[in-house]
Amino acid sequence: MSRTVKRAFRYRFYPTEAQAAELSCTFGCVRRVYNLALQARTEAWVLRRERISYNATSAMLTGWKRTEELAFLNEVSSVPLQQALRHLQGAFVNFFAKRARYPSFKSRKRSRKSAEYTTSGFRCRDGRLTLAKMAEPLDIVWSRPLPEGASPSTVTVSQDAAGRWFVSLLCDDVIEPVPAVNTAVGVDAGLDSLLTLSTGEKVTNPRHERADGSALARAQRQLARKEKGSVNRARARLRVARIHARITDRRRDHLHKLTTRLVRDNQTIVIEDLTVRNMVKNHALARAISDAAWRQFRTMLEYKADWYGRDLVVVDRWFPSSKLCSTCGVLAQRMPLDVRTWTCRCGAVHDRDVNAARNILAEGLSVTACGAGVRPQRADARTRQSASKQETPRATKGIPAH
């Protein structure tokens, strides 16, 4: 059965000089309003133990516009400024719910340049998108059509570090069902091979950053030699940003194709609950782990499995998938990372990654067969070293762990 989901369609566009100036001013005003509201809410709590709501900050915005110092806020559309206050409210909601850290101030150099418009802040008709305070529509490259009859609910305009302009339209999209299949696959993430499947297939790690490593290193050396604040330094920084953007685009494209294939070909997909944030603390492997983008892979897999009605099972991070023999179930005492092939005492010869993927699949299917699962729980040091943890719940079905 078809289902309707909220889906963002992202396009590149090329603004005129006047539009670029207007948008750059809007980005600065959005950042300023966000920081002012965050400062006001922080001071109210620290000094008076008072919580300020979104409505209160909205009233503050009206007062700020009337001051001589912040009168420039009247030069841009009020819609992105109100949306900045709503985003701050959402950040505080996540903080109080212990889903995120305390909101931080936006930096002019490091924060993402973006502005969000709701339906009152734009007009989209006949393939022409015009934002508030602008006389001409944006010159958008419509690389793919919007869903038939779709009307955007929000429009987000952004500029990346490489100077490219993007517009993202949030629309209702109908996801057509895919045929049900009777296949399941276990997935083991790695660095030598990006993914190893329980079928024995190994997906080569493209190592996107390494492919452009020499060009990136050369551009970064040139940037380091430029005088701070100079025009030449700004140009050199742009060259570095463009190389990073090319790496990011290639990585995202590869992961999209890979996750789409896994979801379409399998009814059940079993993965490990990897804590990438802790793993990148290993400085010897941090760069390779970041380039592999395991977190991004899982995020894509989660929402695509939800779209197409597939089952995504997450196995506990402490499950000994590499040390467990997939043939007889015996747990090896030690399994250093440099051991890629090993022989069990039952005589079975295992490829380390393929064996791990098969164990992950078996563990996930055992939870699916029981019809229930629990969130992976953090184990203590003794549990990690003990084989007895194999008797504890280790997987999550349907609800990914965070």
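Residues numbered from 1 in each chain as written. Predicted model: local features only at pLDDT ≥ 70, side-chain atom pairs only at ≥ 80, totals over all residues. Heavy atoms only, no water.

The name recorded for the protein chain in an unreviewed UniProt entry is Transposase, from Plantactinospora soyae.

Enquirer: Just to check I follow, could you spell out the overall build of the protein chain for this structure?
Expert: Broken down by element type, the protein chain carries eleven helices and 15 strands. Across its three principal axes, the protein chain shows a C-alpha extent of roughly 80 × 50 × 50 Å. Classification of the 402 residues of the protein chain by burial places 42% in the buried group. For the protein chain, contacts bridging at least 24 residues in sequence account for 71% of all contacts bridging at least 6. (Helix = DSSP H or I, 4+ residues; strand = E, 2+ residues; numbered from the N terminus. Buried < 20%, exposed > 50% of the residue type's maximum accessible area, 1.4 Å probe, protein only. Contact = heavy atoms within 4.5 Å.)

Enquirer: Even after reading the chapter, I still don't get the pattern of salt bridges, so can you show me in this structure?
Expert: Any two side chains of opposite charge can pair if their charged atoms end up close together. Within this structure, the stated rule accounts for 21 salt bridges. A salt bridge links Arg298 to Glu302, with the shortest nitrogen-to-oxygen separation between them at 2.9 Å. Of this pair, Arg298 and Glu302 both sit in helix α9 (residues 294–307), four residues apart, which is roughly one turn of that helix. As far as the burial class goes, Arg298 and Glu302 line up, both buried. Through salt bridges with shared partners, one network takes in Asp273, Arg295, Arg298, Glu302 and Arg317. (Salt bridge = Lys/Arg side-chain N within 4 Å of Asp/Glu carboxyl O.)

Enquirer: How do you make sense of the UniProt feature "domain: Transposase putative helix-turn-helix" (unreviewed entry) in the protein chain when you look at a structure like this?
Expert: Sequence positions flagged by UniProt for "domain: Transposase putative helix-turn-helix" (unreviewed entry) are, in local numbering, residues 1–45. End C-alpha atoms of residues 1–45 are separated by 49 Å, and the span's content is 64% helix alongside 24% strand. (UniProt positions renumbered as here; feature names shortened; annotations may be inferred.)

Enquirer: Whenever I open this one, helix α1 (residues 17–48) confuses me. Can you help?
Expert: When the terminal C-alpha atoms of α1 are compared, their 46 Å separation across 32 residues agrees well with the 46 Å that a helix rising 1.5 Å per residue should span. Looking at the residues trailing α1, positive phi occurs at Arg49, about 55°. (Expected span 1.5 Å × (residues − 1).)

Enquirer: It is not clear to me how the state of the cysteines should be interpreted in this structure. Could you clarify?
Expert: Here a disulfide denotes a covalent bond joining the sulfur atom of one cysteine to the sulfur atom of another. Throughout the structure, instances matching the rule amount to zero disulfides. Lacking any disulfide linkage, Cys171 is separated from the closest cysteine sulfur, that of Cys124, by 7.5 Å. With no disulfide partner, Cys344 has as its closest neighbouring cysteine sulfur the one in Cys328, 3.5 Å distant. (Disulfide = S-S within 2.5 Å.)

Enquirer: Explanation requested: the environment of Ala357 in the structure shown.
Expert: Here Ala357 shows up in helix α10 (residues 352–370). Assessed through its relative accessible area of 0%, Ala357 is described here as buried. C-alpha of Ala357 to C-alpha of Thr204: the two residues are 153 residues apart in sequence and 15 Å apart in space. Those residues in contact with Ala357 that sit more than four places away from it in its chain are Gly186, Asp188, Thr196, Leu197 and Ser198.

Enquirer: It is not clear to me how the confidence of the model for the protein chain should be interpreted in this structure. Could you clarify?
Expert: Low pLDDT means the predicted coordinates in that region are not meant to be read closely. On average, the protein chain scores 88 in pLDDT, and the residues at 70 or more come to 92%. Mean pLDDT across the elements of the protein chain ranges from a minimum in helix α11 (residues 381–385), with 35, to a maximum in strand β6 (residues 154–159), with 97. Across residues 372–402 the pLDDT falls below 50, and counting only partners more than four positions away or on other chains, this stretch makes 56 contacts in the model. (pLDDT = per-residue confidence, 0-100.)

Enquirer: What am I meant to see in the nonpolar core here?
Expert: If you look at the biggest cluster of nonpolar residues, it comprises 39 residues, and the most contacted ones within it are Leu23, Leu131, Val157 and Val167. Elements with a contribution of two residues or more to this core: β1 (3–13), α1, α2 (54–65), α3 (78–96), β2 (113–118), β4 (128–131), β6 and β7 (165–175). Ranked by size, the runner-up nonpolar core spans 29 residues in total, among them Leu195, Val203, Ile269 and Met300. (Core = buried A, V, L, I, M, F, W, Y, C linked by side-chain atoms within 4.5 Å.)

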